[in-house]
Amino acid sequence: MNLAAEGVEHHPLVPIWQELVVGSIAFALLCFVLMKFVLPRMETMYQARVDAIEGGLKRAEAAQAEANQLLEQYRAQLAEVRTEAAQIRDDARADAESIRTEILAKAREESDRIIAAGRESLAVERQTIVRELRAEVGGLAVDLASRIVGESLADEARRKGTVERFLTDLESAGAR
């Protein structure tokens, strides 16, 4: 402005030195305010954000590690339970087989006992029937012989001896 009053014309590419000084002072003041107040706050916020992100990552890594550990424990427990279940199943099969064998043995014993009792009972009945038949056949034979001979075979001892001899002869003839 002074130049305009002196009549000197100002060159457009060369700045006026007073504006340079005022601009430099304003710039320095602006830089001071930014460095003193704004940049520390920005740095604090930036650091807090970095800490939050890094902390979140560390927590995520810790949670992932814990999840992996729990997964391994779960797999180990599952394998243990499967092994235990297989053992229980095998034990149950073995127990079932031993019970089956025991029941079959008892059934065979009972069957053998029943068969033996049946055979014994049959033998006793057979002997009883043979005795009864001998007596009856003997009586019929004596009656028949009495009718044929015409005399009474009343003598009991004689009659039994004759009957016994006759039946013995019949048995020996049947055996041939």
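Residues numbered from 1 in each chain as written. Predicted model: local features only at pLDDT ≥ 70, side-chain atom pairs only at ≥ 80, totals over all residues. Heavy atoms only, no water.

A. A look at the UniProt feature "transmembrane region" (unreviewed entry) in the protein chain. UniProt marks residues 20-39 with the feature "transmembrane region" (unreviewed entry), using the numbering shown here. Counting secondary structure, residues 20-39 comes out at 100% helix and 0% strand; the distance between its end C-alpha atoms is 26 Å. (UniProt positions renumbered as here; feature names shortened; annotations may be inferred. Helix = DSSP H or I, 4+ residues; strand = E, 2+ residues; numbered from the N terminus.)

B. Main features of a nonpolar patch on the surface. A contiguous nonpolar surface patch, about 970 Å² in accessible area, is contributed by Leu-29, Leu-30, Phe-32, Val-33, Leu-34, Met-35, Phe-37, Val-38, Leu-39 and Met-42. Tracing the backbone through its elements, the reader meets Leu-39 in helix H2 (residues 17-149). (Patch = residues over 30% accessible without salt bridge, like charges linked within 9 Å, V, L, I, M, F, W, Y side chains within 5 Å. Areas by Shrake-Rupley, 256 points an atom, 1.4 Å probe, with all protein chains shown as cover. Salt bridge = Lys/Arg side-chain N within 4 Å of Asp/Glu carboxyl O.)

C. Geometry of the confidence of the model for the protein chain. Scored by pLDDT, the protein chain has a mean of 85; 88% of the residues are at 70 or more. Put simply, helix H1 (residues 2-6) is where the protein chain has its lowest mean pLDDT, 51, and H2 is where it has its highest, 90. (pLDDT = per-residue confidence, 0-100.)

D. Summary view of the pattern of salt bridges. For the structure shown, the criterion picks out 5 salt bridges. Here Lys-106 makes a salt bridge to Glu-102, at a shortest N to O gap of 3.5 Å. Placement of the pair is Lys-106 and Glu-102 together in helix H2, with a separation of 4 residues, close to one helical turn. Among the residues examined, Glu-102 registers a relative accessible area of 46% and is labelled partly exposed. (Buried < 20%, exposed > 50% of the residue type's maximum accessible area, 1.4 Å probe, protein only.)

E. Structural view of H2. Helix length check: H2, at 133 residues, gives a terminal C-alpha distance of 187 Å against a target of 198 Å (1.5 Å per residue), a fit within 8%. Remark: the principal bend of H2, roughly 40°, maps to Met-35. The set of residues buried in H2 consists of Gly-55, Gly-138, Val-142 and Ser-146. (Expected span 1.5 Å × (residues − 1). Bend = angle between axes of the 7 residues up to and from the residue.)

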